[in-house]
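Take a look at the letters that make up each chain.
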Amino acid sequence: MAKGPRTIGVLIEPPKPTWWRANRHKALLALGLLVGYWVGLHLHGTPASPPATPRPGHTSPGPLHITPRST
């Protein structure tokens, strides 16, 4: 008499993925868009331009250096 097929293992359905595993790409996309929007609003590409009229290097004249004459 022939023997029946031998059972090696039992296939089971994998467990249902958690919410994070199923939707993490959507959550990270939303976070990336929010961070990109924030960076775009708060970081400016060019610095402020200098004033149109230049300011003087100092506000009072420097000390006078008087050298005595040699005679």
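First things first, this report covers the structure right here in the doc.

Scoring rules and cut-offs
- Residues numbered from 1 in each chain as written.
- Predicted model: local features only at pLDDT ≥ 70, side-chain atom pairs only at ≥ 80, totals over all residues.
- Heavy atoms only, no water.
- Helix = DSSP H or I, 4+ residues; strand = E, 2+ residues; numbered from the N terminus.
- Buried < 20%, exposed > 50% of the residue type's maximum accessible area, 1.4 Å probe, protein only.
- Expected span 1.5 Å × (residues − 1).
- Bend = angle between axes of the 7 residues up to and from the residue.
- Patch = residues over 30% accessible without salt bridge, like charges linked within 9 Å, V, L, I, M, F, W, Y side chains within 5 Å.
- Areas by Shrake-Rupley, 256 points an atom, 1.4 Å probe, with all protein chains shown as cover.
- Salt bridge = Lys/Arg side-chain N within 4 Å of Asp/Glu carboxyl O.

A word on the overall build of the chain. When helices and strands are tallied, the chain shows one helix and zero strands. The buried share among the 71 residues of the chain stands at 1%.

Turning our eyes to something else, we now look at helix H1 (residues 19-42). Helix length check: H1 (24 residues) gives 33 Å between terminal C-alpha atoms against 34 Å at 1.5 Å per residue, within 8%. Of all the bends in H1, the largest measures some 45° and sits at His25.

On the surface, a cluster of nonpolar side chains totalling about 890 Å² of accessible area is made up of Trp19, Trp20, Leu28, Leu31, Val35, Trp38, Val39 and Leu43. Among the structural elements, Val35 can be located in helix H1. Among the residues examined, Val35 registers a relative accessible area of 43% and is labelled partly exposed.

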